Amino acid sequence: DDQIERERASQHLSGGCCALAAVYLMGKFYVANAGDSRAIIIRNGEIIPMSREFTPETERQRLQFLGFLRPELLGKEFTHLEFPRRIQPKELGKKMLYRDQNMNGWAYKKIEEDDLKFPLIYGEGKKARVMATIGVTRGLGDHDLKVFSSNIHIKPFLSCFPEVRVYDLTQYEHCPDDVLVLGTDGLWDVTNDKEVAGVVMEVLTSYEPNDPCRYTMVAQELVVRSRGVLKERGWRLANDKLGSGDDISVFVIPLGGPGNYT
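Computed from a predicted model, the values in this text were never measured in an experiment.

**Points about the overall build of the chain**
(1) Moving on: Helix and strand content of the chain: five helices and 17 strands.
(2) Moving on: In terms of overall dimensions, the chain has a C-alpha envelope of 75 × 45 × 40 Å along the principal axes.
(3) Moving on: Relative to its full complement of 262 residues, the chain shows a buried share of 42%.
(4) Moving on: For the chain, the proportion of contacts with a sequence separation of at least 24, taken over those separated by at least 6, is 59%.
(5) Moving on: Total accessible area on the chain is roughly 14,900 Å²; 53% of this is exposed by carbon and sulfur atoms.

Dropping the structure here:
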């Protein structure tokens, strides 16, 4: 993240990205995630999550706590408190449900002038945004990203620190069908863990266990199915829902099986 910031100045580059990395070291997989990509292990048909998405919803309390500690980052335009909906000026003095950085549930408070400011986190699901700007809360770069038509930087709320999970390969005897799947949000937006596992098993069983192409074909099939087929009403999945309009990148990494391919 520091290197990206230096290159921004020296090479006049800007922008940023999420990051999902898997490192194999001394019998263990270290999976680090900063963003909304996802990794799962499929072992003997069982799904083992190796990451979680970092979004305004999943990191609400961290974001609110930062806004509470450093209110100057909110630029007098945002409030760190969350309400079920936008508050109207006519509701001043009335009671409304809210929650802050210390609360999982909701409580009532009397609406004050500051509560009319735009909420730090607004929207639900994939539409949730930090300061109405960005839908992820961890990633690299984006040092120049600001709230539209303002001088408020998003970066203090966008953390570059990943969450790391460890998987010990020496604890299990893996077969050729056991894999680690890494995918960007373009895959997971339209395909859940169970559906991905189904495609993995379906494709792998159509190839010989010692065929190295089988893992590439799984990744290719996951991309194709998430993109869908182009029809009159746009790209559609098999269930006729909209296909993914985001970047779809997939890696399928074998965890066991024959050491020498023939």
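**Observations concerning the sheet that holds strand S5 (residues 46-49)**
(1) Moving on: Overall, antiparallel pairing links the four strands, which are arranged S5-S4-S14-S17 in an open sheet. The strands lining the two open edges of the sheet, one partner per strand, are S5 and strand S17 (250-254). Between one strand axis and the next, the sheet turns by 20 degrees as a mean value, whatever way the strands run.
(2) Moving on: Bridging between strand S4 (residues 38-43) and S5 involves four bridges; their strand directions are antiparallel. Bridge assignment links Ile42 to a residue of S5, and that residue is Ile47.

**Describing the packing of helix H4 (residues 193-204) against helix H5 (residues 213-227)**
(1) Moving on: At their nearest, the axes of H4 and H5 sit 9 Å apart, and the two run at 135 degrees to each other. Taken together, H4 and H5 sit at an angle that is classed as oblique. Of the two elements, H4 crosses H5, and the hand of that crossing is right-handed. Taken together, the residues of H5 that come into contact with H4 (itself represented by Val196, Val199, Val200, Glu202, Val203 and Leu204) are Arg214, Tyr215, Met217, Val218, Glu221, Leu222 and Arg225.
(2) Moving on: Considered class by class, the residues forming the contact of H4 with H5 number nine nonpolar, no polar and four charged.

**Some points on the pairing of strand S14 (residues 179-183)**
(1) Moving on: Among the five residues in S14, five count as buried, and that is most of the element.
(2) Moving on: Burial of the side chains of S14 extends over both faces: Val179, Val181 and Gly183 are buried on one face and Leu180 and Leu182 on the other.
(3) Moving on: Here S4 pairs with S14 via five bridges, running antiparallel. Pairing of Ile42 across the sheet is with Val179, part of S14.
(4) Moving on: Of the pairings in the sheet, the one linking S14 to S17 comprises five bridges and is antiparallel in character. Each residue of the ladder has a partner; that of Leu180, found in S17, is Ile253.

**Notes on the nonpolar core**
Soluble, globular proteins show a tendency: their nonpolar side chains are buried together.
(1) Moving on: Core analysis: the biggest nonpolar cluster contains 19 residues, and Val179, Val181, Val196, Val200, Leu222, Val250 and Val252 have the highest contact counts within it.
(2) Moving on: When residues of this core are traced back to their parent elements, those giving at least two are S4, S14, helix H3 (185-188), H4, H5 and S17.
(3) Moving on: In terms of residue count, the dominant contributor to this core is H4 (six residues).
(4) Moving on: Apart from residues lying up to four places away in sequence, Val179 is in contact with Ile40, Ile41, Ile42, Val200, Leu204, Tyr215, Val252, Ile253, Pro254 and Leu255.
(5) Moving on: Counting 16 residues, the second-largest nonpolar core is a separate cluster that includes Phe78, Ile121, Ile134 and Val136.

**With respect to empty space enclosed by the protein**
Rolled over the atoms, a probe as big as a water molecule pinpoints where empty space is left.
(1) Moving on: Enumeration over the complete set of coordinates arrives at one cavity of 30 Å³ or more.
(2) Moving on: What the largest cavity holds in volume is close to 50 Å³.
(3) Moving on: If you trace the largest cavity, you find it lined by Thr79, Phe83, Arg85, Arg86, Ile87, Asp115, Leu116, Lys117 and Pro119.
(4) Moving on: Here the lining of the largest cavity is built from residues that sort into four nonpolar, one polar and four charged.

**Some points on the UniProt feature "domain: PPM-type phosphatase" (unreviewed entry) in the chain**
(1) Moving on: Here, the residues flagged by UniProt with the feature "domain: PPM-type phosphatase" (unreviewed entry) are residues 1-255.
(2) Moving on: What you have in residues 1-255 is 20% helix and 26% strand, and the ends, taken at the C-alpha atoms, are 30 Å apart.

So, how was this worked out
- Just so you know, the residues in each chain are numbered from 1, in the order the chain's sequence is written.
- Only residues with pLDDT of 70 or above have their local features reported here, since the model is predicted, and side-chain atom pairs are shown and tallied only from 80 upward, although totals for entire chains, interfaces and linings are computed over all residues.
- Computation of side-chain values covers all heavy atoms of the structure but excludes hydrogens and water.
- Here a strand is any run of E in DSSP of at least two residues, a helix any run of H or I of at least four, and the numbering for each starts at the N terminus.
- The cut-offs for exposure are 20% and 50% of the maximum accessible area for each residue type, with area from a 1.4 Å probe on protein chains only; residues under the lower value are buried, those over the upper are exposed, and the others partly exposed.
- Any two residues whose heavy atoms approach within 4.5 Å are treated as being in contact.
- Reported accessibility uses the Shrake-Rupley method at a 1.4 Å probe radius. Residues are deemed covered only where the shown protein chains occlude them.
- We call two strands paired when DSSP finds no fewer than two bridges between them.
- Every angle, taken between N-to-C directions, lies between 0 and 180 degrees, and every axis is a line fitted to C-alpha atoms, over only the stretch in contact when it is a helix.
- Roughly parallel means an angle under 35 degrees; roughly antiparallel means over 145; roughly perpendicular covers 65 to 115; every other angle is labelled oblique.
- By definition, any crossing whose near helix is turned counterclockwise from its far helix by less than a right angle is left-handed, and any crossing with a clockwise turn is right-handed.
- Gly counts as polar in this scheme, as do all residues outside two lists: the nonpolar Ala, Val, Leu, Ile, Met, Phe, Trp, Tyr, Cys and Pro, and the charged Asp, Glu, Lys and Arg.
- Note on terminology: a nonpolar core comprises buried Ala, Val, Leu, Ile, Met, Phe, Trp, Tyr and Cys residues joined through side-chain atoms within 4.5 Å.
- Grid points spaced at 1 Å and placed over the protein atoms alone form the basis of the search, with a cavity being a set where a 1.4 Å probe fits but cannot get out and a pocket an open set showing protein on both sides within 12 Å along at least five of seven lines. Lining residues have an atom within 4 Å of a point.
- Grid points are joined across faces, edges and corners, and a volume is the space filled by probe spheres set on the points.
- UniProt positions are given in the numbering used here, feature names are shortened, and annotations may be inferred rather than shown by experiment.

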